[in-house]
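As a plain string of letters, each chain reads:
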Amino acid sequence: MATFSVAKVYFVVFFTTEVFATYVRVQRPGPDDCEPVVVAHRGSSGYVTEHTLGAYALAVTQGADYVEPDLVMTKDGHLIARHENQLEKSTDIAHRPEFADRYRSMSVLGFNITLGWFSEDFTLAEIKTLRTIEPMPLIRPGNTRMDGSMEVPTFQEIIDLVKGLEYSQNRTIGIYPELKSGAYFRSIGLPMEPAVVEIFHRNGYIGSQAPVYIQSFEANSLRILKKITDLRLLQLIGRVSAQENARMITPGGLKDIATYAHAVGPHKNHIIPRDFRNRLGRPTSLVIDAHDAGLKVHPYTFRAENAYLPVEFRSEDPADSALGNLDEELEAYLATGIDGLFIDQPDYLVRLKSRFCN
C-alpha cells in the first residue's frame, strides 16, 4: 500500500484547496458579466442614509453590480466614506460640543468656502465617535429615521463588507470609489492616490481584470493613478459646460481620456440634454464617440424623486420627494447604448436589466 509523507499530504491538501478556490473565483458571476452595470451611487442611498455600511449592504442585496463610496482623508491618513470633507452635512458633528473648537473657515486651492468642520482636522478615532445623518432630508425624509444610528465607515470596512457579502450572494461584487478633492488633499500632504491603491492591492485587487473602477473629476489625479496601478480608471465629466468639460466630450477629448482611463462618467445631460421645458431632448453623439475611442460610458446620477426627473416622468404628486417614473427615464438612456450607470435606487435598474441577464 502506498504511503504519504506529511509533506506530500500537505502538498495535496494545499494544491486541492488552491485549485478549488480558483475554480470558485472563476465560476462565480462577476459585476461585468452583463451590461448595463448597476453602480449603487453612495450605496442604496435612495432608501438608506448614504455612505453607510447599511446603504452598501442593501445595494448588494438588491442586486447592484458595484458599490460606490466617495472617499476623503482623515488627519492621520485614513480613507473614509463621505461625499465631501465638510462633515456637518452628513454627520452629527454640529451637536458635539467636544468638537466646537474645530469649527473654522477653509480655503481649497485659493478658493474660500463656508465655515464648517472638515475631515482632515480629525483623527479616525474621533471620526468614529460621530454618527451619520441624512444630507437631503427634504428630498428623502424617510431616511431621517436612521439619523444617529450608523458610523462613518472606512474604506477598508467597505471592502470587508463587500468580501463578506460575496459569499452569501455567491457572486463577485465590484467596488467603485471616487476620490474627492484629490488636488486639495495632495496640497496638504495627504495624497489619496497612493492610499487607495495600497488598500486595493493589499486586499488582492490587482490588474485591469479586478472588479474595480477608481473615478475622479480631476484628470491629474487619474494620471497619477495610471502610473502606479493597472486598476481601471474612470474620468468623471461635470454637468456645467465649462471649457474643460466641453473639451472632454469632443471626439478628440475622448481619445485623450482613453490614454489614461478605461471609461468616462459624464453627467447624464451630456448624453440626452433637457430642453427649456425640462423635458428630455434628442441624444447627442457622446456614447458613439466614446465607444469609438474605446471607452465605456457610465453616466450619473439617476434618482427616482421628482426633484431629479424630467418633467414628463414626474409623479402627479407635485412634491419634490414624491417618486416619479424612473423606469421611463432609464429606458431612454439604455436606448443610447450606455454600458452602465450610477443610480440611487439600484433595484430599479436591476429589475430592468433582468431581461438581458438570467
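Residues numbered from 1 in each chain as written. Predicted model: local features only at pLDDT ≥ 70, side-chain atom pairs only at ≥ 80, totals over all residues. Heavy atoms only, no water.

## Things to note about the confidence of the model for the protein
Phase 1 of the analysis: Overall, the predicted model of the protein reaches an average pLDDT of 91, with 90% of residues at or above 70.
Phase 2 of the analysis: Counted against residues more than four places away or in other chains, residues 1–26, with its pLDDT under 50, gives one contact. (pLDDT = per-residue confidence, 0-100. Contact = heavy atoms within 4.5 Å.)

## Observations concerning the nonpolar core
Phase 1 of the analysis: In this structure, V196 and F200 are the most contacted members of the largest nonpolar core, which totals 80 residues.
Phase 2 of the analysis: Sort the elements by how many residues they give to this core and helix α6 (residues 192–202) lands first, with six residues.
Phase 3 of the analysis: Sequence-distant contacts of V196, that is, excluding residues within four places in its chain, are made with L71, L79, F155, P177, L179, I214 and L225.
Phase 4 of the analysis: By size, the runner-up hydrophobic cluster in this structure holds 10 residues, among which are V39, Y66, Y213 and Y300. (Core = buried A, V, L, I, M, F, W, Y, C linked by side-chain atoms within 4.5 Å. Buried < 20%, exposed > 50% of the residue type's maximum accessible area, 1.4 Å probe, protein only. Helix = DSSP H or I, 4+ residues; strand = E, 2+ residues; numbered from the N terminus.)

## Focus on the pairing of strand β13 (residues 340–343)
Phase 1 of the analysis: Side chains of β13 alternate between two faces, with G340 and F342 and L341 and I343 buried alike.
Phase 2 of the analysis: The pairing of strand β1 (residues 37–41) with β13 spans four bridges and is classified as parallel. Opposite V38, over in β13, you have L341 as the bridge partner. (Pairing = 2+ DSSP bridges.)

## Looking at helix α12 (residues 346–353)
Phase 1 of the analysis: Along α12, the residues classified as buried are P346, Y348, L349, L352 and K353. With its buried residues spanning 155° around the axis, α12 presents them on a single face.
Phase 2 of the analysis: Against the buried residues of α12 lie β1, α2 (53–61), α11 (326–334) and β13. (Arc of directions from axis to C-beta.)

## Considering the pattern of salt bridges
Phase 1 of the analysis: Taken as a whole and assessed by the stated rule, the structure comprises 26 salt bridges.
Phase 2 of the analysis: R42 is the salt-bridge partner of D70, the closest N and O atoms lying 4.0 Å from each other. Of this pair, D70 sits in strand β3 (residues 70–73) while R42 sits in the loop between β1 and α2, and the two are 28 residues apart along the sequence.
Phase 3 of the analysis: For D344, the salt bridge goes to R140, with nearest N and O atoms at 2.7 Å. Of this pair, D344 sits in the loop between β13 and α12 while R140 sits in the loop between α3 (124–127) and α4 (155–169), and the two are 204 residues apart along the sequence. No difference in accessibility class separates D344 from R140, as the two residues are buried.
Phase 4 of the analysis: It is possible to trace a salt-bridge network through shared partners that takes in R140, R303, E305 and D344. (Salt bridge = Lys/Arg side-chain N within 4 Å of Asp/Glu carboxyl O.)

## As for helix α7 (residues 219–228)
Helical periodicity: at 3.6 residues per turn, an α-helix aligns residues three or four positions apart in one direction.
Phase 1 of the analysis: Every buried residue belonging to α7 is among A219, S221, L222 and L225, and all of these are buried. Along α7, the residues classed as buried sweep out an arc of 155° about the axis, all on the same side. Looking at α7, the residues exposed on the side facing more than 90 degrees away from the buried face are N220 and K227.
Phase 2 of the analysis: The inward-facing, buried residues of α7 contact β8 (178–179), α5 (182–187), α6, β9 (213–216), β10 (232–237) and α8 (243–248).

## What about unusual backbone geometry?
Peptide bonds are, in most cases, trans, and in most cases residues other than glycine have a negative phi.
Phase 1 of the analysis: Look at the link from E35 to P36: it is a cis peptide, with omega at 5°.
Phase 2 of the analysis: Here P36 lies in the loop between α1 (6–27) and β1.
Phase 3 of the analysis: T301 follows Y300 through a cis peptide bond whose omega is -25°.
Phase 4 of the analysis: Mapped onto the secondary structure, T301 falls in the loop between β12 (296–297) and α11.

## Focus: the side chain of E50
Phase 1 of the analysis: Counting through the fold element by element, E50 comes out in the loop between β1 and α2.
Phase 2 of the analysis: Its relative accessible area of 4% is what places E50 among the buried residues.
Phase 3 of the analysis: In terms of polar contacts, E50 uses its side chain to reach the side chain of R42, at 2.8 Å.
Phase 4 of the analysis: Sequence-distant contacts of E50, that is, excluding residues within four places in its chain, are made with R42, S45, A55, R82, H83, E134 and P135. (Polar contact = N/O pair within 3.5 Å; in protein donor to acceptor, adjacent residues only side chain to side chain.)

## Thoughts on the packing of aromatic side chains
Phase 1 of the analysis: Enumeration according to the criterion identifies 11 aromatic pairs in this entry.
Phase 2 of the analysis: Measuring from ring centre to ring centre gives 5.2 Å for F99 and F122, while their planes differ by 85°; the resulting arrangement is edge-to-face. With F99 in the loop between β4 (79–81) and β5 (104–108) and F122 in the loop between β6 (111–116) and α3, this residue pair connects regions lying 23 residues apart in the sequence.
Phase 3 of the analysis: With a centroid separation of 4.8 Å and an interplanar angle of 20°, the aromatic rings of Y176 and Y213 are classed as stacked. Placement of the pair is Y176 in the loop between β7 (174–175) and β8 and Y213 in strand β9, with a sequence separation of 37 residues. Each member of the pair, Y176 together with Y213, is buried. (Phe/Tyr/Trp six-rings, centres within 6.5 Å; stacked < 30°, edge-to-face > 60°.)

## Notes on the sheet that holds strand β2 (residues 66–68)
Phase 1 of the analysis: If you walk across this open sheet you meet the four strands as β7-β2-β1-β13, and the pairing is parallel. Bordering the open sheet on either side are β7 and β13, each of which pairs with just one other strand.
Phase 2 of the analysis: Packing against the sheet, α12 makes contact with β1 and β13, and its axis sits at approximately 170° to β1. (Axes fitted to C-alpha atoms, helices over the stretch in contact; angles between N-to-C directions.)

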